[in-house]
Amino acid sequence: MNSNKKQIIIAGPCTFGSYEELYHIAELLKQKGIEYFRAGTFKMRTNPNSFQGLRDEGMEMLLKIKKELNLKIVTELTSIEQVRKYGNKIDIIQIGTRNMYNYELLKEVGKTKTTVMLKRAFSATYDEWLQAAEYIKKGGNTSIILCERGVRNFISGDTRNILDLQTVPYMKKNTNYPIFVDPSHASGLAYMVEPMSKAALVAGADGLLIEVHNEPEKSLCDAKQTIDMETIDRILEFQKIFNNIDK
Ligand code: PEP
Ligand code: MN
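Residues numbered from 1 in each chain as written. Chains lettered and ligands numbered in written order. Predicted model: local features only at pLDDT ≥ 70, side-chain atom pairs only at ≥ 80, totals over all residues. Heavy atoms only, no water.

Engineer: Residue-level account of the packing of aromatic side chains, with values.
Structural biologist: Inspection of the entire model under this criterion finds 5 aromatic pairs. With a centroid separation of 6.1 Å and 35° between ring planes, the pair formed by F42 and Y86 is classed as tilted. Here the residue F42 occupies a position in the loop between β2 (36–38) and α2 (56–69), and Y86 occupies one in helix α3 (residues 80–86), the gap between them amounting to 44 residues. The class of F42 is buried, set by a relative accessible area of 2%. On the accessibility criterion, Y86 (2% relative accessible area) is buried. (Phe/Tyr/Trp six-rings, centres within 6.5 Å; stacked < 30°, edge-to-face > 60°. Helix = DSSP H or I, 4+ residues; strand = E, 2+ residues; numbered from the N terminus. Buried < 20%, exposed > 50% of the residue type's maximum accessible area, 1.4 Å probe, protein only.)

Engineer: Mind laying out the site of ligand 1, listing which residues take part and the relevant values?
Structural biologist: In the vicinity of ligand 1, the contacting residues are C14, R38, K43, E76, Q94, G96, T97, R98, K119, R149, H185 and E211. One of the side-chain nitrogen or oxygen atoms of K43 is found 3.0 Å away from an oxygen atom of ligand 1. E211 places a polar side-chain atom, nitrogen or oxygen, 3.2 Å from an oxygen atom of ligand 1. Computed on the free molecule, ligand 1 has an accessible area of 290 Å², of which 97% lies beneath the protein chains in the complex. Among the residues forming the shell around ligand 1, the class breakdown is 1 nonpolar, 4 polar and 7 charged. (Near = heavy atom within 4 Å. Polar contact = N/O pair within 3.5 Å; in protein donor to acceptor, adjacent residues only side chain to side chain. Areas by Shrake-Rupley, 256 points an atom, 1.4 Å probe, with all protein chains shown as cover. Nonpolar A, V, L, I, M, F, W, Y, C, P; charged D, E, K, R; others polar.)

Engineer: Before we move on, can you summarise the coordination of the manganese ion (ligand 2) with the specific residues and values?
Structural biologist: Looking at the manganese ion (ligand 2), the protein donor atoms are C14 (SG), H185 (NE2), E211 (OE) and D222 (OD), and they sit 2.1 to 2.4 Å from it. Along the chain, the residues donating to the manganese ion (ligand 2) fall in the pattern C-x170-H-x25-E-x10-D. Here C14, found in the loop between β1 (8–12) and α1 (19–31), pairs with D222, found in the loop between β8 (207–211) and α9 (229–244); they are 208 residues apart in sequence, far enough to count as distant. Accessibility assignment for this pair places C14 and D222 in one class, buried. (Donors = N, O, S within 2.8 Å, 3.2 Å for Na, K, Ca; no water.)

Engineer: Quick one: what's the story with the pairing of strand β4 (residues 92–95), residue by residue and with numbers?
Structural biologist: Residues I92 and Q94 line one face of β4 and the alternating positions I93 and I95 line the opposite face, and both faces are buried. Where strand β3 (residues 72–76) lies against β4, 3 bridges are found, and the strand directions are parallel. Opposite T75, over in β4, you have I93 as the bridge partner. Considered for its hand, the β-α-β crossover made up of β3, α3 and β4 is right-handed. In this structure, β4 lies alongside strand β5 (residues 115–119), joined through 4 bridges in parallel fashion. Bridged to Q94 within β5 is M117. In this view, the connection linking β4 to its parallel neighbour β5 by way of helix α4 (residues 103–109) has right-handed handedness. (Pairing = 2+ DSSP bridges. Right-handed = clockwise from strand over helix to strand, strands pointing away.)

Engineer: Run through unusual backbone geometry, naming residues and quoting values.
Structural biologist: The backbone phi angle of N70 is positive, close to 55°, even though this residue is not glycine. You can see N70 is positioned in the loop between α2 and β3. Relative accessible area serves as the criterion here: at 65%, N70 is assigned to the exposed category. With a phi close to 55°, D222 is a non-glycine residue in the positive phi region. A residue is classified by how much of its surface remains accessible, and D222, at 19% relative accessible area, is buried.

Engineer: Account for the state of the cysteines, naming residues and giving values.
Structural biologist: One pass over the full model with this rule turns up 0 disulfides. In this structure C221 is a free cysteine whose sulfur lies 3.1 Å from that of C14, the closest cysteine sulfur available. Exposure remark for C221: the relative accessible area of 4% places this residue in the buried category. (Disulfide = S-S within 2.5 Å.)

Engineer: Residues and numbers for helix α6 (residues 167–174), please.
Structural biologist: Regarding α6, the residues found buried are T167, V168 and M171. Summarising the axial view, the buried residues of α6 lie within an arc of 100°, below the 170-degree limit, and thus occupy one face. For α6, the elements touching its buried residues are α5 (126–138), β6 (144–148), β7 (179–181) and α8 (190–203). (Arc of directions from axis to C-beta. Contact = heavy atoms within 4.5 Å.)

Spelled out as structure tokens, the structure:
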């Protein structure tokens, strides 16, 4: 039987430095059929001296893109104030790995009507992750996506984290949440994003979150893990073929 299920591919740059850069990438991705565009404007950087995102100015740009290109906007919100200001204006609120344990923030997104993509903390057990989701649910918001983005480990070589693909069958069996995979932050290396994206689809992921830029080397953040337009084309092609296989 052909599966009619279509996984959601969320794609876009880690962050951006201008409206022109943002618009260009968004337009290219839209032409490929991407409906969910993700770009960060409130960045959670390990180093306080790194670019922190365009912040409120960037949010205005994202909302303009939403209107002009009719794309669904996914972006990370990092404070209660941001959630109050923008939570109901975007399509998916991303909660980043560092904030999975920020219970006051989770309570606040739980009060919105917007889908929340809850990234797994890089040190979280499945149980801790699911309890974080409960915080959101308790506020009344049941539209929650889990996103596996790699965990800390001791055998990572030059990779950033290790992709725990077992989360996919586990969450499918034990929960009703959609489970997405972010191969970009899991590996931290662009050449791994295509094979790991395919592996995630085969494992049964409901969606992917991928960092893409037309000129990856010029990315203001996470350049090493950002794929180019040709690579996202191949992933989308694989998705099409995979969905047409009799399973
Ligand atoms: C991101 O998606 O750009 C990001 C910062 O992700 P994470 O919170 O998983 O590190
Ligand atoms: Mn990133």
